[in-house]
Amino acid sequence: QVQLVESGGGLVQPGGSLRLSCVASGDFFRLLLMGWYRQVPGKQRDLVGTITNGGMTVIDDSVQGRFTLVRDNDKSTVHLQMNSLKPEDTVVYYCHALQRSTKAVYWGQGTQVPVSS
């Protein structure tokens, strides 16, 4: 079982930056494909990006060039660095982990990121 705990959310102005962090419990962080999703209330959860154990990333086109994922295997942590934030980025962000050997999926608790002046 893996627990994902997110932190770093908060109000940010348009054009600003924010970094979300997600810490995973357990001893097999290196076996997890980590990622971030985001969700507008009432709509489906959309992929922001994923990052492998080796640091290879896939970033959705909608945030390409503004958002990046960084992974620290020693600290079992993945970060979502968000730059040039827009009001439409005001959604709830969820940390995600996939244990590929078992296909088990884990979610963080969700973090609100209000982007407003």
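Use the structure listed above.
Residues numbered from 1 in each chain as written. Predicted model: local features only at pLDDT ≥ 70, side-chain atom pairs only at ≥ 80, totals over all residues. Heavy atoms only, no water.

Asks: How do you make sense of the environment of Q99 when you look at a structure like this?
Replies: Counting through the fold element by element, Q99 comes out in strand β8 (residues 92–99). Residue class for Q99 comes out buried when judged on its relative accessible area of 11%. Linking Q99 and P41, residues 58 residues apart in sequence, is a C-alpha distance of 27 Å. Setting aside residues up to four positions removed in sequence, Q99 forms contacts with F28, L31, L32, A104 and Y106. (Helix = DSSP H or I, 4+ residues; strand = E, 2+ residues; numbered from the N terminus. Buried < 20%, exposed > 50% of the residue type's maximum accessible area, 1.4 Å probe, protein only. Contact = heavy atoms within 4.5 Å.)

Asks: Would you mind showing me how to read the sheet that holds strand β7 (residues 77–82) here?
Replies: Hydrogen bonds between backbone groups are what pair the strands of a sheet, and the pairing can be parallel or antiparallel. Reading across the sheet, the four strands line up as β1-β2-β7-β6 and stay open at both edges, with antiparallel pairing between neighbours. For this open sheet the edge positions go to β1 (4–7) and β6 (67–72), each flanked by a neighbour on one side alone. Put simply, the sheet's adjacent strands are angled 20° from each other on average, direction ignored. Of the strand pairs in this sheet, β1 and strand β2 (residues 18–24) are connected by four bridges, and their pairing is antiparallel. Along β2, the bridge assignment pairs L4 with A24. (Pairing = 2+ DSSP bridges. Axes fitted to C-alpha atoms, helices over the stretch in contact; angles between N-to-C directions.)

Asks: Whenever I open this one, the pairing of strand β3 (residues 32–39) confuses me. Can you help?
Replies: It is a general feature of regular strands that their side chains alternate between the two faces of the sheet. For β3, a buried count of eight out of eight residues is recorded, marking the element as mostly surrounded by other parts of the structure. What you see with β3 is no split at all: L32, M34, W36 and R38 on one side and L33, G35, Y37 and Q39 on the other are buried throughout. The pairing of β3 with β8 spans eight bridges and is antiparallel. Within the sheet, the bridge partner assigned to W36 lies in β8 and is C95. Two strands pair when backbone bridges link them, and β3 and strand β4 (residues 45–51) are joined in this way by six bridges, in the antiparallel orientation. Across the sheet, the residue bridging to W36 is G49, located in β4. Connecting β3 to the antiparallel partner β4 that follows it, the hairpin turn spans five residues, and G42 within it adopts a positive phi of roughly 90°.

Asks: Explain the pattern of salt bridges here, please?
Replies: Opposite charge on two side chains lets them pair, provided their charged atoms get close. Under the counting rule described, the total for this entry stands at three salt bridges. Here R30 makes a salt bridge to D74, at a shortest N to O gap of 3.0 Å. In this pair, R30 is assigned in the loop between β2 and β3 and D74 in the loop between β6 and β7, connecting sequence segments 44 residues apart. On the basis of relative accessible area, R30 is assigned to the partly exposed category, the value being 47%. Linking D89 and R38 is a salt bridge whose minimum nitrogen-to-oxygen distance equals 2.9 Å. Here R38 lies in strand β3 and D89 lies in the loop between β7 and β8, a separation of 51 residues in the sequence. The same class applies to D89 as to R38, namely buried. Taken together, the salt bridges that share partners define one network made up of R38, R66 and D89. (Salt bridge = Lys/Arg side-chain N within 4 Å of Asp/Glu carboxyl O.)

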